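For reference, the chains in residue letters:
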Amino acid sequence: MGVFIVRRVLAALLTLFIASIVVFLGVRALPGDPALVLAGESTDEATLAAIREQFGLDDPLPVQYWNYVSQAVQGNFGLSTRDRIPVAQIIVERLPVTIELTVLAVIVGLAIGVPAGIASAVRRGGPADYAATGLGLFGLSVPHFWLGLLAILVFSVTLRWLPASGFVGIAEDPLENVRRMVLPAVVLGTGLSAVLMRQTRSALLGQLSADYVRTARSKGVSRPREVRHALRNSLTTVVTVLGLQLGALISGAVVTETIFVIPGFGKLIVDAVLARNYPVIQGAVLVTVAGYVLINLLVDLTYAYLNPRLRLTGAST
């Protein structure tokens, strides 16, 4: 198990290193001169030269990358070019909002997707199967932005049940926080529930047709107990899919937060790109990548815990 963990940690660090290079080069590939953006209305050469010297824009790319990484590993992502606030402070303020939205979306996805997948597999070929499959297809096909606008139109504009936009911190007013996060969480969790439903159904059907289930059935094991044992062995697939989909939730949060005007991580990245705020873009994207890599590492370790054959194979290769 120790060898398996070391291999996965080293792979995660290598992925993070490559991702940092891609983020660094990708930001600098954006069109436009960052010095012109930072200078604002002042476009004289002396001002531009001073800005390039201040931010190290005249240094060779390897030097810029080394300065960027050496500061980033210490939690220093520089200062926002818009308001001169440390980027790390902005990230700390915005990240909890996106984490809350993601957790709520995962709860929605699990609450809908897993039971629907179980019902679809157990009642294969019946009305429940067709209903769950249809809802899963709907959840996979409908884009977040359209579903979000439709939810605002129905529940906020027409019925006036929930607020259309805005955010209130959970420490400030827990009830109002829940009211404002219900629609975004449901919109973001719909696609996840569809994926979990289909994967749960597929994995459970495979286990229900396995030899050990047929043997247990021939010995008179009750149907609920049979499904319970088969579901336990299907969890590895569900855990893997859930971990991979967390990255999709983070990317989907960009659209959802923009539609519902939630001051989270996704909206921060969108605003930074529009304002050419390069330090914020670099810091936010790098933290997002690091979170995605960490989630996948935890998924690998959880999968190995649930499936001992995997960690034995990983340790021997």
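Cut-offs and rules
Residues numbered from 1 in each chain as written. Predicted model: local features only at pLDDT ≥ 70, side-chain atom pairs only at ≥ 80, totals over all residues. Heavy atoms only, no water. Axes fitted to C-alpha atoms, helices over the stretch in contact; angles between N-to-C directions. Helix = DSSP H or I, 4+ residues; strand = E, 2+ residues; numbered from the N terminus. Parallel < 35°, antiparallel > 145°, perpendicular 65-115°, else oblique. Left-handed = near helix turned anticlockwise from the far one by under 90°. Contact = heavy atoms within 4.5 Å. Nonpolar A, V, L, I, M, F, W, Y, C, P; charged D, E, K, R; others polar. pLDDT = per-residue confidence, 0-100. Buried < 20%, exposed > 50% of the residue type's maximum accessible area, 1.4 Å probe, protein only. Expected span 1.5 Å × (residues − 1). Phe/Tyr/Trp six-rings, centres within 6.5 Å; stacked < 30°, edge-to-face > 60°.

Re the packing of helix α6 (residues 127-141) against helix α8 (residues 174-208)
Right, so step 1: Following both chains from N to C, one finds α6 and α8 inclined at 135°, their axes separated by 8 Å at the closest point. It follows from the interaxial angle that α6 and α8 lie oblique. Of the two elements, α6 crosses α8, and the hand of that crossing is left-handed. Mapping the contact onto sequence places D129, A132, T133, G136, G139 and L140 in α6 and T190, G191, A194, V195, M197, R198 and R201 in α8.
Right, so step 2: Among the residues forming the contact of α6 with α8, the class breakdown is five nonpolar, five polar and three charged.

Digging into unusual backbone geometry
Right, so step 1: Unlike most non-glycine residues, R160 shows phi in positive territory, near 60°.
Right, so step 2: With respect to the helices and strands, the residue R160 is situated in the loop between α7 (144-158) and α8.
Right, so step 3: The phi dihedral of V261 is positive, around 55°, even though this residue is not glycine.
Right, so step 4: On the secondary structure map, V261 appears in the loop between α10 (223-259) and α11 (265-274).

What about the confidence of the model for the chain?
Right, so step 1: Averaged over all residues, the pLDDT of the chain equals 79, while 88% of them reach at least 70.
Right, so step 2: Ranking the elements of the chain by mean pLDDT puts helix α13 (residues 308-316) last, at 53, and helix α5 (residues 87-122) first, at 87.

Quick notes on the environment of A284
Right, so step 1: Within the secondary structure layout, A284 lies in helix α12 (residues 278-306).
Right, so step 2: Given a relative accessible area of 0%, A284 falls into the buried group.
Right, so step 3: In the structure, A284 is positioned 190 residues away from R94 in sequence and 9.8 Å away in space, judged by C-alpha atoms.

Re the environment of E257
Right, so step 1: Inspection of the secondary structure puts E257 in helix α10.
Right, so step 2: The exposure class of E257 is buried, given its relative accessible area of 0%.
Right, so step 3: It is 9.9 Å that separates the C-alpha atoms of E257 and F145, two residues lying 112 residues apart in sequence.
Right, so step 4: Setting aside its immediate chain neighbours within four residues, E257 contacts T98, L101, I262, G264, F265, G266 and K267.

Quick notes on α7
Right, so step 1: Counted at 1.5 Å a residue, the expected span for α7 with its 15 residues is 21 Å, and the 20 Å between its end C-alpha atoms agrees.
Right, so step 2: Within the span of α7, buried status applies to L147, G148, A151, I152 and S156.

Looking at the packing of aromatic side chains
Aromatic rings in a pair are described by how distant their centres are and how their planes are angled relative to each other.
Right, so step 1: A complete count under the given rule lists four aromatic pairs for this structure.
Right, so step 2: Centroid distance F24 to Y68: 5.8 Å. Interplanar angle 25°. Geometry classified as stacked. Taken as a pair, F24 in helix α1 (residues 2-28) and Y68 in helix α4 (residues 61-72) lie far apart in primary sequence, 44 residues in all.
Right, so step 3: On the accessibility criterion, Y68 (10% relative accessible area) is buried.
Right, so step 4: Between F155 and W161 the ring centres are 6.1 Å apart and the planes differ by 45°, which places this aromatic pair in the tilted class.

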